[in-house]
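Descriptive structure summary
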Amino acid sequence: MIKAFQVLYQNRQSVRDIQTEDEVRAIIHSELLDEFTHPRARLSIQKKYSLAMDRINNSGLSENEQIMMHNLYKEEFKKLSTADHS
């Protein structure tokens, strides 16, 4: 899972040093919340999820790796969709 995630985001320094599944989930969490973007320019969680799915689909990952990444993003998306982020 870690290697597949690193392939998806190979140009990000923060991703190169990931060693645990919890670190992957934390980055996905931040990515879906668009935390690295200025608040006025942030996209919705739904839009960020859709963009992540497109990235996975267009990646060079194997079918199994794609399914694994889809499931991981889906789990994190569900957690965020049911949480109150006001």
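Now for a look at the structure at hand. (Residues numbered from 1 in each chain as written. Predicted model: local features only at pLDDT ≥ 70, side-chain atom pairs only at ≥ 80, totals over all residues. Heavy atoms only, no water.)

As a further point, take the overall build of the protein chain. Across its full length, the protein chain carries 5 helices and 0 strands. The order of helices and strands in the protein chain, counted from the N terminus, is α-α-α-α-α. Relative to the 2.2 N^0.38 estimate, which gives 12 Å for 86 residues, the radius of gyration of the protein chain is 13 Å and therefore close to what a compact globule would have. Reported as C-alpha extents along the three principal axes, the dimensions of the protein chain are approximately 35 × 25 × 20 Å. Residues classed as buried in the protein chain amount to 36% of the 86 residues present. When contacts within the protein chain are restricted to residue pairs at least 6 apart in sequence, those whose partners lie at least 24 apart make up 45%. Once the 12 positive and 13 negative side-chain charges of the protein chain are each reduced to a mean point, those two points are 5 Å apart. (Helix = DSSP H or I, 4+ residues; strand = E, 2+ residues; numbered from the N terminus. Rg over C-alpha atoms; globule rule 2.2 N^0.38 Å. Buried < 20%, exposed > 50% of the residue type's maximum accessible area, 1.4 Å probe, protein only. Contact = heavy atoms within 4.5 Å. Lys, Arg positive; Asp, Glu negative; His and termini not counted. Charge placed at Lys NZ, Arg CZ, Asp CG, Glu CD.)

For any pair of aromatic rings, geometry is given as the distance between the ring centres together with the angle between the planes. Inspection of the entire model under this criterion finds 2 aromatic pairs. Between F5 and Y9, the aromatic rings sit 5.1 Å apart at their centres with planes inclined by 50 degrees, giving tilted as the arrangement. With respect to burial, F5 and Y9 carry one shared label: buried. (Phe/Tyr/Trp six-rings, centres within 6.5 Å; stacked < 30°, edge-to-face > 60°.)

Once that is clear, we can look at helix 3 (residues 21–32). Its 12 residues give helix 3 an end-to-end C-alpha distance of 16 Å, which sits within 8% of 16 Å, the value for a rise of 1.5 Å per residue. Among the residues of helix 3, V24, R25, I27, I28, S30, E31 and L32 are the ones counted as buried. Where helix 3 is buried, its residues contact helix 1 (2–8), helix 2 (13–16), helix 4 (45–57) and helix 5 (63–82). (Expected span 1.5 Å × (residues − 1).)

Below, the discussion takes up the environment of S62. With respect to the element layout, S62 can be found in the loop between helix 4 and helix 5. Judged by its relative accessible area of 34%, S62 falls in the partly exposed class. Taking the C-alpha atoms as reference points, S62 and K47, separated by 15 residues in sequence, lie 24 Å from one another.

The next thing to look at is the pattern of salt bridges. Counting across every chain of the model gives 7 salt bridges. One salt bridge in this structure joins E31 and K48, with 3.2 Å as the shortest N-O distance. Pair noted here: E31 is in helix 3 and K48 is in helix 4, with a separation of 17 residues, a long-range link. No difference in accessibility class separates E31 from K48, as the two residues are buried. Through salt bridges with shared partners, a single network forms among E21, R25, E75, E76 and K79. (Salt bridge = Lys/Arg side-chain N within 4 Å of Asp/Glu carboxyl O.)

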